[in-house]
Structures are given as structure tokens and as C-alpha cells.
Amino acid sequence: MAKEKCSYFEERDVKIRERMNNMLAKLPLYVSDYIVNLESRGLSSLTRYNYLEDISLFFQFIAGNSSKMKDVSFQVLESLKPIDIQKFLSNMASGRQKISGRKILLSKSGIKAQARKLSSIKSLYRYLFINDFIASNMTTKIETPKLLDEDNTIKRIDYSEAIEMMKATDSTGVFSEHQEKYNDGFIKHRDRAIISTFFATGIRVSELVGLDLNTVNLKKKYIDVRRKGGRLERLYINDDLIDILNTWLTYRETENIPKEEQAFFISIQKKRISVDAVDDVIKKYAMAVLGKKLSPHKLRATYGTELYKRTGDIYQVATALGHKSVDTTRKHYADFDEQKKKDIAGKVKVGY
């Protein structure tokens, strides 16, 4: 009997767990116990990996190098002062070398990244304190870096610009002659389907990449997406998007894709398209049409903005974007109400 192929999210989970195991091998055993505790609380493998990556950087900082991280005992953690944590955050803000391919890059942590790293450290200390591994938790004395209002606002584009991007996928003369030749029917209709799906549903790039043929039901007008935390959610789609996706499927079927490859969106290598490849698709059209660098997340934000403008209902936007809490939506899209504030200004008169 042929072995059933793992889903995209199962494969991603396996890879993430392998990376975590590699990191944990260099850290004290109690960090492994802490990660198991996070799993028991229902945190996804990706979330646990992000926590572990932050903690690994912290241990490397206080140990002096990665080879001595295992030597960081409970006593070492208890001996640290709040200023030591603040020095670590300052060090991350100044920048650290990061290897990407053959390049050595300087990676700097902004305010958001510093806040996340502090949250990870506080979470570890809280676990150790609650379980009596340490006698006191000095991290409670450290204030989280304050995020400026503009840091909470997700950048987006005007919907008219979104229309231009979608039109570009069905036009000629957008790219150079060489690029146009490469941009054949398969690529052109796949890119159009990808961009249109972002603008029509606001799904995350990982959710789009994870779509399979059996999670897209064009007859019943819905797609099933795997949200953050692993929950499955059904999104209903309109006829315009259905037509675009049907056209893409027609081209997909002509490519002799191996039967075992069930991914909805395919690369030119005839396998599931990657997150990086989708990112390149968005950048390609955004630069050619708008002269801007855009990420898939900005397309998601554009969808959220347009939906709020049309409905005026922040709860509908939260549901559509897959936010567990409406507060998350309100925090990121607070500037939706800017025009409403201006309209309110002249409502109450103070003259005689």
C-alpha cells in the first residue's frame, strides 16, 4: 500500500520540530521541559519555535558563546539583574551578524522584536518560578518596550492600486519582452489567481501556500484554510474569484503535475509553491505596476481595510481575517476610523 503523503502543514511541523530539537540539544534540559509545557498549553509548533529562538539568543548572550549555553544554570538565571536583560535587548537593537545563503547580514531588532524577545524571556522565568526552580522572578520588574501608535498600524495600499495589480496579471506590456516571454499562460494565470485570492479573502501567505486541491471547493464556493494555531476555518468566495481559480486549474491540469502533488498552487518545478516564491510574485507585480515593494501581508491588510470601509463592522473584519480577538483587529487597523473622526468634528456646535 502506498504511503499517504503528508499535508503541507504536517511537513512544516516536522521541519520546525527538527529545528527545535537541534536548538534544544545546545541548551539546558530545563528549557526542553519549558517547551513541553508550552505545547501542553496548546501553543503551536511555530509559536514555540519563535519562543525558543529568542531564548537561545538570550542564553548565547549571557553565556558568551553558543558552546557554553548548556552551562546556564538556575543559579546563573537567578543572579541576573533587570539591567542584564536590558543590555541583551540593547545588544539585539544594535545588531548581530546573520548568515543568509552566502551573505553575512546585520540583523537588528526593532521595538516590536525587542518586546517579543522580552516576552519570551519573561515566559521562561515565569515557568521556572511557578515550578520552584528559582526563588524569585526579577523579570516582573522590567517594563515592556512601549510601541508607538504608528508601529501598531499595518501598512496597506489603496484599493485602486490593488485593482491595477490584478489587471496587470491579465495584461501585456507590463514587463520587458524577455519577462513577458517567460510569463507564459501557466505562470500568468497562477499569479493572477494568487494575487486575486489575497485581495478577495485576506488570507495569510502560509494559508495560501497550504491550500490543497481538496480544500478548494469551487462548486460550493468555499476554501478551507488552516489558521494560526492549527484550527480549520471555512472561507466563502465570490463568483469573480471562482472564475479566476477555475481558469488557473485549467492551466494546472495541462502541466502533467505528479498525482501525489495535491497542492493547489504549483511552482514551475511542478511542486507546491513556497512562501518565498509567493513573496517574489507579489514583489514582481508591485514593482512593475506601482513602483513599490510590497509583501503578501500588505495585500491582506488592504483586504481588511476595504472590507471595513464597505461594512463598517470591525467584528466582520476580525472574523474574515481569522483574528481570535477583535482587539487584535482594532489595534492593527485603528486608523480605519480616522475619516469618521473628521466627520464627527462638526456635529456639535458651540456658536450662538
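Before reading on, note that the structure itself is shown above.
All of these numbers come straight from a predicted model, not from anything done at the bench.

What follows covers the pairing of strand E5 (residues 232-236). Here E5 shows one buried face, formed by Glu233 and Leu235, and one open face, formed by Leu232, Arg234 and Tyr236. Summarising the sheet, strand E4 (residues 222-226) and E5 pair through 5 bridges and their orientation is antiparallel. Its bridge partner being in E5, Val225 is matched across the sheet by Glu233. Taken together, E4 and the strand that follows it, E5, pair antiparallel across an intervening segment of 5 residues, in which Gly229 is found at a positive phi of about 85°.

Next up on the list: the nonpolar core. Core analysis: the biggest nonpolar cluster contains 44 residues, and Met165, Leu245 and Phe265 have the highest contact counts within it. Tyr49, Phe59, Tyr127 and Met138 belong to the second largest nonpolar core, which has 35 residues in total.

Moving on: unusual backbone geometry. At Asn256, a position not held by glycine, the phi torsion is positive, near 55°. With respect to the element layout, Asn256 can be found in the loop between helix H11 (239-253) and helix H12 (275-289). In this structure Asn256 comes out as exposed when scored by relative accessible area, which is 64%. For Lys270, which is not glycine, the phi dihedral falls at a positive 65°. Within the secondary structure, Lys270 sits in the loop between H11 and H12.

We now examine helix H13 (residues 296-311). Here H13 is 16 residues long and its end C-alpha atoms lie 23 Å apart, about the 22 Å a rise of 1.5 Å per residue gives. Buried within H13 are the following residues: Pro296, Leu299, Arg300, Ala301, Thr302, Tyr303, Gly304, Thr305, Glu306, Leu307 and Tyr308. At the exit of H13 stands Gly312, carrying a positive phi of roughly 70°.

About the criteria used
Going along each chain's sequence as written, the residues are numbered from 1 onward. Under the rules for a predicted model, residues below a pLDDT of 70 receive no local features and side-chain atom pairs below 80 are neither given nor counted, while totals for whole chains, interfaces and linings still include all residues. With hydrogens and water stripped out, all remaining heavy atoms of the structure feed into the side-chain values. Accessible area is worked out with a 1.4 Å probe on protein chains only. A residue is then buried under 20% of its type maximum, exposed over 50%, and partly exposed in between. Each helix is a run of DSSP H or I of at least 4 residues and each strand a run of E of at least 2, with the numbering of both proceeding from the N terminus. Two strands qualify as a pair provided that DSSP identifies no fewer than 2 bridges between them. For the purposes of this section, nonpolar cores are sets of buried Ala, Val, Leu, Ile, Met, Phe, Trp, Tyr and Cys residues that join through side-chain atoms within 4.5 Å. To estimate the expected span of a helix, count its residues, drop one, and scale the result by 1.5 Å.

Don't take any of this as a statement about function, it's just geometry.
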